[in-house]
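So you can see what is in the structure, the chains are spelled out below.
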Amino acid sequence: MSSLNDAADDAFENARFTYEQHMQTCRQCHADGAHCAVAKHLLRIYNNARRDRLRATGYQAPTVAP
């Protein structure tokens, strides 16, 4: 069970880092003031990883809105 939690934690941290990096560096997201298609996709991955992480630890998962 610990390895499941570790895998969920790793996936969550990777998704969070990738999404945050994109938001800091994407010219289109900054210029338009709206999320680009890549940012929306990364946010979905981040939310899914967040849900999986919380399920692995036994909690209900809220989602993050753009």
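Right above here is the structure, for reference.
Residues numbered from 1 in each chain as written. Predicted model: local features only at pLDDT ≥ 70, side-chain atom pairs only at ≥ 80, totals over all residues. Heavy atoms only, no water.

*Asks:* Looking at this structure, how should I read the overall build of the protein?
*Replies:* Across its full length, the protein carries three helices and zero strands. The order of α-helices and β-strands along the protein, N terminus first, is α-α-α. Counting all 66 residues of the protein, 23% fall into the buried class. A separation threshold of at least 6 residues defines the contact pool for the protein, and within that pool the share at least 24 residues apart is 38%. As displayed, the protein offers around 4700 Å² of accessible surface, 52% of which is attributable to carbon and sulfur atoms. (Helix = DSSP H or I, 4+ residues; strand = E, 2+ residues; numbered from the N terminus. Buried < 20%, exposed > 50% of the residue type's maximum accessible area, 1.4 Å probe, protein only. Contact = heavy atoms within 4.5 Å. Areas by Shrake-Rupley, 256 points an atom, 1.4 Å probe, with all protein chains shown as cover.)

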